[in-house]
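Chain and residue survey
Here is how the chains run, residue by residue.
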Amino acid sequence: MIGDIRETKECQLKDPMDLFHSGQFVKICAPMVRYSKLAFRTLVRKYSCDLCYTPMIVAADFVRSAKARDSEFTTNKGDHPLIVQFAAKEAQVLCDAARIICPFADGIDLNCGCPQRWAISEGYGACLINKPELVKDMVRHVRSQIDNPKFSISIKIRIHEDLKRTVDLCQKAEAAGVSWITVHGRSTEERHQPVHYDAIKIIKQSMSIPIVANGDIKTLKDAENVHHLTEADGIMVARGLLANPAMFAGYEETPFQCIQDWVDIALEHGTPFTCFHHHLMYMMERITSKQEKKVFNVLSSTSAVLDYLNDHYGV
């Protein structure tokens, strides 16, 4: 990582807020555990993705351990604008993480939306939506301790059943200096229920900072529809981009050129086999038959995958 980071220091960091003033909705790759790493970010940026997040990193581990920093965070010159997402529950720990990352990224995001049990039991993620004063304190601390005014501080939240509580949380965060807020339009308990886009619109109308909409967006058409429904300034996509990294460029399904690009980028970055293979399984889900999936999904080496792609698709 250190070599990559040194290289990045030479590049011009960007102001992600400029994207929200472009007149178009901002197309964003979500923080995804195991998946939104440097190689995948490189791929989606080739296909009209404007802004990328890292997977969630536990701030306390990141601050404490050089090993954690090396394994959790890698970047390079082309990897901008970049937001590093942290799980944190103490203002000073988040500040310390932000200070370490500040020279190499364009902003940080505080995860207030992860619904997984382990995160909530540790005091991270979605439990923070019930602690608006703590969220406000964390944002304010980072804002006061980072010298670079262009360095963004955002939060990603889920909604309360009583939407007034969500609006109150967002307004407190805005008063503390948050740059924008991403709203996943489900409550902590909801998993596959329909997304409450109407709630995102109400939040948007209650705020003067940018709001990003997130949840169940699979195609560029979906993104455009959600933008119109919610009036959100940005659209964040997770699973839709896994299934089709070229989605924001308007492709209905993953084009073969995108698969070829993934192979080239993944090999160049030394992507571990499991990650390399899993991304291909997602990308090829819609374009392979059941029989083909049975064969492809059990391949167990990079060379076997490359041979298969060459034989069947000329990739």
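Our subject in this report is the structure included herewith. (Residues numbered from 1 in each chain as written. Predicted model: local features only at pLDDT ≥ 70, side-chain atom pairs only at ≥ 80, totals over all residues. Heavy atoms only, no water.)

As a further point, take helix α7 (residues 132-145). Between its terminal C-alpha atoms α7 stretches 20 Å, which fits the 20 Å expected from 14 residues at 1.5 Å a residue. Those residues of α7 lying buried are Val-135, Lys-136, Met-138, Val-139 and Val-142. Projected onto a plane normal to the axis of α7, the buried residues spread over an arc of 165° and lie on a single side. On its buried face, α7 is in contact with α5 (91-101), β5 (107-112), β6 (152-158) and α8 (163-176). (Helix = DSSP H or I, 4+ residues; strand = E, 2+ residues; numbered from the N terminus. Expected span 1.5 Å × (residues − 1). Buried < 20%, exposed > 50% of the residue type's maximum accessible area, 1.4 Å probe, protein only. Arc of directions from axis to C-beta. Contact = heavy atoms within 4.5 Å.)

Geometrically, a packed helix pair is captured by the angle between its two axes and the distance between the axes. Where α8 contacts helix α9 (residues 197-205), the axes come no closer than 10 Å and their chain directions differ by 40°. Judged by the inter-axis angle, α8 sits oblique to α9. Seen from above, α8 lies across α9 with right-handed handedness. Contacts between α8 and α9 involve Leu-163, Thr-166, Val-167 and Cys-170 from the first element and Ala-199, Ile-202 and Ile-203 from the second. When grouped by side-chain class, the residues that make up the contact of α8 with α9 number six nonpolar, one polar and no charged. (Axes fitted to C-alpha atoms, helices over the stretch in contact; angles between N-to-C directions. Parallel < 35°, antiparallel > 145°, perpendicular 65-115°, else oblique. Left-handed = near helix turned anticlockwise from the far one by under 90°. Nonpolar A, V, L, I, M, F, W, Y, C, P; charged D, E, K, R; others polar.)

Considering the arrangement of structural elements, one finds Thr-166 in helix α8. Overall, Thr-166 belongs to the buried group, its relative accessible area being 0%. Residues within four places of Thr-166 in sequence aside, it is in contact with Ile-157, Arg-158, Ile-159, His-160 and Ile-203.

Let us now look at the nonpolar core. Core analysis: the biggest nonpolar cluster contains 91 residues, and Phe-86, Ile-155, Ile-181 and Leu-309 have the highest contact counts within it. Residue contributions to this core peak at seven residues, all from α5. When residues of this core are assigned to domains, at least three map to each of domain 1 (16-248) and domain 2 (256-313). Those residues in contact with Ile-155 that sit more than four places away from it in its chain are Asp-109, Leu-110, Cys-112, Val-135, Val-139, Ala-173, Val-178, Trp-180, Ile-181 and Thr-182. With 11 residues, the next largest nonpolar core counts Phe-20, Val-26, Leu-51 and Ile-83 among its residues. (Core = buried A, V, L, I, M, F, W, Y, C linked by side-chain atoms within 4.5 Å. Domains from an automatic or database assignment.)

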